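# Examination of the molecular architecture
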Amino acid sequence: NAGVTQTPKFQVLKTGQSMTLQCAQDMNHNSMYWYRQDPGMGLRLIYYSASEGTTDKGEVPNGYNVSRLNKREFSLRLESAAPSQTSVYFCASRDISGGGNTEAFFGQGTRLTVV
Amino acid sequence: GENVEQHPSTLSVQEGDSAVIKCTYSDSASNYFPWYKQELGKRPQLIIDIRSNVGEKKDQRIAVTLNKTAKHFSLHITETQPEDSAVYFCAALDPLSSGSARQLTFGSGTQLTVLP
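Description of the structure in this document. What you see is a predicted model, and the numbers here were worked out from it, not measured in a lab. (Residues numbered from 1 in each chain as written. Chains lettered and ligands numbered in written order. Predicted model: local features only at pLDDT ≥ 70, side-chain atom pairs only at ≥ 80, totals over all residues. Heavy atoms only, no water.)

## A closer look at the sheet that holds strand S1 (residues 4-7) of chain B
The strands that make up a sheet are held in pairs by hydrogen bonds between backbone atoms, and each pair lies either parallel or antiparallel. Residue and element names in this part refer to chain B. Read across the open sheet, the 5 strands follow the order S1-S3-S8-S7-S6; overall the sheet is antiparallel. The sheet terminates laterally at S1 and strand S6 (56-59), the two strands that pair on one side only. Averaged over all pairs of adjacent strands, the angle between their axes in this sheet comes to 15°, without regard to strand direction. Across 4 bridges, S1 lies against strand S3 (residues 19-25) in antiparallel orientation. (Pairing = 2+ DSSP bridges. Helix = DSSP H or I, 4+ residues; strand = E, 2+ residues; numbered from the N terminus. Axes fitted to C-alpha atoms, helices over the stretch in contact; angles between N-to-C directions.)

Written out as structure tokens, the structure is:
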């Protein structure tokens, strides 16, 4: 049982390049999330997916797109990277059945630098 | 949506002393309040949570208190040890996300340093 696995762990991009962050969970959770973490700003929600086939914008969606490929996988794409997207990205999943008062499990994070 | 404020942003304590981190939230309908610990270079992990029908919850050296009237909740760590050094995040379940993905709104984090 690996939990939440995201790749890559580190990435350096040039401004304007594109890339996709991959995330997979093996806990049979319905809901998956992408956060970015910046110093002094906590974890801010980029996009989320309540269930397979649905995605919604979070607090800071501009410059990103997502795909919920199946129940296990939720990817985050940067179409044209900008220095402002330099951050640590975390994928998370939760079981929201029974009201949603449940723990969020996080991946190990991706440290992205855009130069 | 929900807004969570967390204080202080940094906290240094001597080993063996207690540490208290406080959070306030904006929406009185919020009913789930978890705390996460993030060690340097690691992922956030849940350490304790509390639901709105409970005022206090303890787990060994860690406790969380909730005051729904004042809309604030606190993390208390007693007998601190060097391994408690980490960033701690509070969170609240956004009631406006009900029926969707039940989003958690996080505070900005507290860097706790336990000095030997």
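## Examining the packing of aromatic side chains
The way to describe two aromatic rings as a pair is by their centre distance and the angle between their planes. Applying the stated criterion across every chain yields a total of 13 aromatic pairs over all chains. Both rings, one in Tyr 25 of chain B and one in Phe 73 of chain B, keep their centres 6.0 Å apart while their planes meet at 55°; by these two values the pair is tilted. Taken together, the residues span a long stretch of sequence, with Tyr 25 of chain B in strand S3 and Phe 73 of chain B in strand S8 (residues 72-77) at a distance of 48 residues. Taking the relative accessible area as the measure of exposure, Tyr 25 of chain B reaches 4% and is therefore buried. Consider the rings of Phe 33 of chain B and Phe 73 of chain B, whose centres lie 4.9 Å apart with planes at 45°: the pair is tilted. Placement of the pair is Phe 33 of chain B in strand S4 (residues 32-38) and Phe 73 of chain B in strand S8, with a sequence separation of 40 residues. Across this residue pair, the class does not change: Phe 33 of chain B and Phe 73 of chain B are buried. Among the aromatic residues, ring-to-ring pairing joins Tyr 33, Tyr 35, Tyr 48, Phe 90 and Phe 106 of chain A together with Tyr 36 and Phe 106 of chain B into one connected group. (Phe/Tyr/Trp six-rings, centres within 6.5 Å; stacked < 30°, edge-to-face > 60°. Buried < 20%, exposed > 50% of the residue type's maximum accessible area, 1.4 Å probe, protein only.)

## Focus on the pairing of S8 of chain B
Each regular strand shows side chains that alternate between the opposite faces of the sheet. Residue and element names in this part refer to chain B. Here S3 runs beside S8; their pairing, made up of 6 bridges, is antiparallel. Across the sheet, the residue bridging to Thr 24 is His 72, located in S8. Relative to S8, strand S7 (residues 62-67) runs antiparallel, the two being bridged by 6 bridges. Bridge pairing in S8 places Asn 67 opposite His 72. Here S7 folds back onto S8 in antiparallel fashion, the turn holding 4 residues, of which Lys 71 has a positive phi close to 60°.

## Looking at the environment of Gln 108 of chain A
For Gln 108 of chain A, the position within the fold is in the loop between strand S10 (105-106) and strand S11 (110-114). We classify Gln 108 of chain A as partly exposed; its relative accessible area is 23%. Apart from the residues lying within four places of it in its own chain, the contact partners of Gln 108 of chain A are Val 4, Thr 5, Gln 6, Lys 9 and Phe 90 of chain A together with Arg 43 of chain B. (Contact = heavy atoms within 4.5 Å.)

## Observations regarding the nonpolar core
One finds Trp 35, Phe 73, Leu 75 and Leu 112 of chain B to be the most contacted residues of the largest nonpolar core, which totals 23 residues. Sorting the residues of this core by element identifies strand S2 (10-14), S3, S4, strand S5 (45-51), S7, S8, strand S9 (86-93) and strand S11 (110-115) of chain B as the ones contributing at least two each. Of all hydrophobic cores here, the second largest spans 20 residues; its members include Tyr 47, Val 60, Ala 81 and Leu 112 of chain A. (Core = buried A, V, L, I, M, F, W, Y, C linked by side-chain atoms within 4.5 Å.)

## Here's the deal with the interface of chain A and chain B
The partner chain B presents 19 residues to the 26 residues of chain A that form the contact. Summing both sides of the interface, chain A and chain B together bury roughly 1800 Å²; the carbon and sulfur share of this comes to 53%. Inspection of the chain A/chain B interface yields 0 salt bridges. In this assembly, chain A and chain B are joined by 6 residue pairs in polar contact (both at pLDDT 80 or more). Put simply, the parts of the chain that give the side of chain A that touches chain B at least two residues each are strand S4 (31-37), strand S5 (43-49) and strand S9 (87-94) of chain A. Of the residues contributing to the side of chain A that touches chain B, the split by class is 12 nonpolar, 11 polar and 3 charged. (Buried area = accessible area lost by both parts, 1.4 Å probe. Salt bridge = Lys/Arg side-chain N within 4 Å of Asp/Glu carboxyl O. Polar contact = N/O pair within 3.5 Å; in protein donor to acceptor, adjacent residues only side chain to side chain. Nonpolar A, V, L, I, M, F, W, Y, C, P; charged D, E, K, R; others polar.)

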